[in-house]
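Tertiary structure, described
Residues per chain are reported as follows:
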Amino acid sequence: MTNIAIIFAGGAGKRLNSNENSIPKQFLKINEKPIIVHTLELFQKHEQIDKIYVAIHPDYKKYMKELVEYFHISKIAGIIEGGETGQDSIYNALNLAKKDNDENSLVLIHDGVRPNITFKTISRNIDCAKKNGNAITCTPCYETILISENHTNPQHVPYRKNTFSAQAPQTFRLNEIYEAHEITRKINPKYDNIVDSCTLFKTLNKPTYMIEGNRGNIKITTIEDLYLLRALIRYKEDIEAFGLTEKKDG
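Residues numbered from 1 in each chain as written. Predicted model: local features only at pLDDT ≥ 70, side-chain atom pairs only at ≥ 80, totals over all residues. Heavy atoms only, no water.

Quick word on the environment of Asp 102
Structurally, the position occupied by Asp 102 is in the loop between helix H3 (86–100) and strand E6 (106–111). Taking the C-alpha atoms as reference points, Asp 102 and Arg 124, 22 residues apart in sequence, are found 21 Å from one another. In this structure the side chain of Asp 102 is engaged in a polar contact, spanning 2.8 Å, whose partner is the backbone nitrogen of Asn 104. (Helix = DSSP H or I, 4+ residues; strand = E, 2+ residues; numbered from the N terminus. Polar contact = N/O pair within 3.5 Å; in protein donor to acceptor, adjacent residues only side chain to side chain.)

Here it is as C-alpha cells:
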C-alpha cells in the first residue's frame, strides 16, 4: 500500500499580513528555511511516506520547484497549482494522485503552514487509517469552548471533557476522499462551510476516527503563531543538537 502526503499551500496568507505585496506565509523563513520546506521535510524523512504532492499558489509554482530541488525533497511526485479555496487545492492534488496511484492508497492531507507535527503523529495516522479507513488528528481542548451564533452571547457551553481541536494530517483512502469531493462539488461547488476534510466527510454522514496529535502542531494563521513557531522550531533544533532527536518510526 502506498502512503501519500498531500500538502496544500495555495493561499496568499492575507490574515497574517494585510500587505498585498507581501510574500505568502508558507514562504516566510524560519532559520533561513521557508515554512513550507520545514513541513515537507517531515514527510520526506518519515520512513512510511512514499510520495508527496504539493498544491501551491500559481504565482509561486516555479519557486516551489526551485525549493524542492535546493532542499533535496526527493519524494515529491507532483507540484500542482492550487485553487480558489483550500479544498479546491486538495481536489487538484487528489486528481493528480489518482492518476498515478492505486485507489486504496492512503492519503495524508496536511497544511503547508503546519510544520511542527511529530513522526509519531504521522505514524498514528497511517495505523488508524489502515484499520478504520481514515484518521483525524486531534488534541483535547484545555480551555472552555463557547458556542455563539450572534458572537455576543454564548448559547451553548459544551462539556470541556468532550471537546477536541481537529488538526492535520487528516488521512483517508484515496478513492474515498476523492469520491467525497466529487459528490460535494456537485451539491456545494464552492465548499461553503467546509473547513477541512473531516468536515467534508461528516457533511456526507461518513464516519471518521480520531487519533491524538501533538500539542505543538499549530497552524500559522496570525503573527503570534509565527512567533510561537519560531520558538518551537528553535527549541526542537536545540534538543536535536544534544542528540535527543525524535525517532522516525514514532
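A short note on the state of the cysteines
Taken as a whole and assessed by the stated rule, the structure comprises zero disulfides. Unpaired in this structure, Cys 128 has its nearest cysteine sulfur neighbour in Cys 138, at a distance of 10.0 Å. Classification of Cys 128 as buried rests on a relative accessible area of 10%. Unpaired in terms of disulfides, Cys 138 finds its nearest cysteine sulfur in Cys 198, a separation of 6.7 Å. (Disulfide = S-S within 2.5 Å. Buried < 20%, exposed > 50% of the residue type's maximum accessible area, 1.4 Å probe, protein only.)

As for the packing of aromatic side chains
For the structure shown, the criterion picks out five aromatic pairs. Centre to centre, the rings of Phe 27 and Tyr 63 are 5.1 Å apart; their planes meet at 50°, and the pair counts as tilted. One end of the pair, Phe 27, is in the loop between strand E1 (3–9) and strand E2 (29–30); the other, Tyr 63, is in helix H2 (residues 61–70), with 36 residues separating them in the sequence. Judged by centre distance (5.9 Å) and plane angle (15°), the ring pair of Tyr 91 and Tyr 178 falls under stacked. Of this pair, Tyr 91 sits in helix H3 while Tyr 178 sits in helix H5 (residues 174–187), and the two are 87 residues apart along the sequence. Given the relative accessible area of 13%, Tyr 178 is considered buried. By the ring-pair criterion, three or more aromatic residues cluster together here, those being Phe 27, Tyr 60 and Tyr 63. One Lys or Arg, Arg 185, reaches over the ring of Tyr 91 and ends 3.9 Å from the middle of that ring. One cation-aromatic arrangement involves Lys 206 over Phe 201; the distance from NZ or CZ to the ring centre is 5.7 Å. (Phe/Tyr/Trp six-rings, centres within 6.5 Å; stacked < 30°, edge-to-face > 60°. Lys NZ or Arg CZ within 6 Å of the ring centre and 35° of its normal.)

Observations regarding the side chain of His 46
Turning to its location among the elements, His 46 is positioned in the loop between helix H1 (35–45) and strand E4 (51–56). Classification of His 46 as buried rests on a relative accessible area of 1%. A polar atom in the side chain of His 46 sits 3.3 Å from the backbone oxygen of Phe 119.

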